[in-house]
Amino acid sequence: MTDTHSHLNDRQFAKDLEEVIRRAKEVGVRRINVVGYDLSSSQRAVEIADRYEGLYAVVGLHPYEAQRYSDSDLANVETLLSHPKVVAVGEIGLDYYRGPRDHKAQRALFRLQIDLARRHKKPVVLHVRDAYGDVLDVIRDFPDVLFVFHSFSGNEEDMAEILKWDNWYVSFSGMLTFLAHIRRAARISPRDRTFVETDAPYLSPVPMRGRRNEPAFVRYTLKRLSEIWKVDFEEAERITDSNAQEFFRYDMKRV
Ligand code: NI
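Quantities reported herein were computed from a predicted structural model and do not represent experimental measurements. (Residues numbered from 1 in each chain as written. Predicted model: local features only at pLDDT ≥ 70, side-chain atom pairs only at ≥ 80, totals over all residues. Heavy atoms only, no water.)

K.L.:
I keep staring at the overall build of the protein and nothing clicks. Help me out?
P.N.:
Scanning the protein from N- to C-terminus turns up nine helices and eight strands. Against the 2.2 N^0.38 benchmark of 18 Å for 255 residues, the protein shows a C-alpha radius of gyration of 17 Å, consistent with a compact globule. For the protein, buried positions account for 57% of its 255 residues. Within the protein, residue pairs in contact and separated by at least 24 positions form 69% of the contacts whose partners lie at least 6 positions apart. When the accessible surface of the protein is totalled, it reaches about 11,400 Å², and 47% of it is carbon and sulfur. Seen as two clouds, the 39 positive and the 40 negative side-chain charges of the protein have centres 2 Å apart. (Helix = DSSP H or I, 4+ residues; strand = E, 2+ residues; numbered from the N terminus. Rg over C-alpha atoms; globule rule 2.2 N^0.38 Å. Buried < 20%, exposed > 50% of the residue type's maximum accessible area, 1.4 Å probe, protein only. Contact = heavy atoms within 4.5 Å. Areas by Shrake-Rupley, 256 points an atom, 1.4 Å probe, with all protein chains shown as cover. Lys, Arg positive; Asp, Glu negative; His and termini not counted. Charge placed at Lys NZ, Arg CZ, Asp CG, Glu CD.)

Written out as structure tokens, the structure is:
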């Protein structure tokens, strides 16, 4: 299994990180991405990835940063991209729900970082909240960059749009186990462009809701996906691992 999106860099894991990673490996989670959202969480993601086998980092500035980041933050993110265990730029995007009201500033930061990803030949992990249409408008301009809709929460119509673009991927979090409209969308999710994640410590899947989420729990989301797809668990695991490998290119030498 692959947990393509966790925040093991969150302070909620400061005390028992080793234990959490051990539990994940015990149940067969072989790869875990640790995702940043500002400069310090991105640096911490790289430190953690550097220390543990099977862990990788994703670095970038979340839309919350749109009005407070500095040019040097962006330059430092770019420097992190050359670390061999940094596999993507993220989580970046547009958040019109809780992000800064200056949507223009959000879009500017978003575009700058997609451009960074393209120059460094990295895929992009998207954070989208109440801004689906505007995100699509931006990413349509980058047909040569791979994008994943992290913790996909759209409906079938949204999924139908994603199906049209072969550089757009979808990642399901624990929300798949408790929201019916996401389950319906998952039925038509592209088999060659879908993978799973926890978004730990948030969004625990059924039957762990209400508890701190952790990478070992990705198996509940994968189990649910296998039922929706009507394949056995091992088949869903094989498919999503291979899609994650295709997208993040783990352990490949990159220029
Ligand atoms: Ni996240």
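K.L.:
What's the story with the pairing of strand β4 (residues 86-95) in this structure? I'm lost.
P.N.:
Most of β4 is tucked away, with 10 of its 10 residues classed as buried. The sheet contact formed by strand β3 (residues 55-59) and β4 spans three bridges and is parallel. Bridging across to β4, Val-58 finds its partner in Ala-88. Crossover handedness for the path β4 to helix α4 (residues 103-119) to strand β5 (residues 124-129): right-handed. (Pairing = 2+ DSSP bridges. Right-handed = clockwise from strand over helix to strand, strands pointing away.)

K.L.:
Explain the coordination of the nickel ion to me, please; I cannot follow it from the model alone.
P.N.:
When a metal carries six donors in an octahedron, the ideal angles between them are 90 or 180 degrees, while four donors in a tetrahedron ideally lie at 109.5 degrees. Looking at the metal site, the nickel ion is ligated by His-5 (NE2), His-7 (NE2), Glu-91 (OE) and Asp-199 (OD), spaced 2.1 to 2.3 Å from it. Given four donor atoms and angles of 79 to 171° at the metal, the environment of the nickel ion is assigned as irregular. Between consecutive donors of the nickel ion, the numbers of intervening residues give the motif H-x1-H-x83-E-x107-D. Taken together, the positions of His-7 in the loop between β1 (2-6) and α1 (17-26) and Glu-91 in strand β4 put the pair 84 residues apart, joining distant regions of the chain. Across the pair, exposure class does not vary: His-7 and Glu-91 are buried alike. (Donors = N, O, S within 2.8 Å, 3.2 Å for Na, K, Ca; no water. Tetrahedral: all angles 85-135°; square planar, octahedral: opposite > 155°, others 65-115°.)

K.L.:
Just checking my understanding: could you explain the packing of aromatic side chains for this structure?
P.N.:
Think of a pair of aromatic rings as described by two things: how far the centres are apart, and how the planes are tilted against each other in angle. Tallying each qualifying case throughout the model produces 12 aromatic pairs. Aromatic side chains Phe-152 and Phe-172 sit 6.0 Å apart centroid to centroid with 85° between the ring planes, which places their arrangement in the edge-to-face category. Of the two residues, Phe-152 sits in the loop between β6 (147-149) and α6 (156-163) while Phe-172 sits in strand β7 (residues 168-172), which places them 20 residues apart along the sequence. On the basis of relative accessibility, which here comes to 3%, the residue Phe-152 falls in the buried class. Taken together, the aromatic side chains of Tyr-56, Tyr-169, Phe-195, Phe-247, Phe-248 and Tyr-250 make up a single cluster linked through ring pairs. Here the guanidinium or amino end of Lys-85 rests over the ring plane of Tyr-56, the centre of that ring lying 5.2 Å away. Over the ring of Phe-178 we find Arg-209, and its NZ or CZ is 3.5 Å from the ring centre. (Phe/Tyr/Trp six-rings, centres within 6.5 Å; stacked < 30°, edge-to-face > 60°. Lys NZ or Arg CZ within 6 Å of the ring centre and 35° of its normal.)

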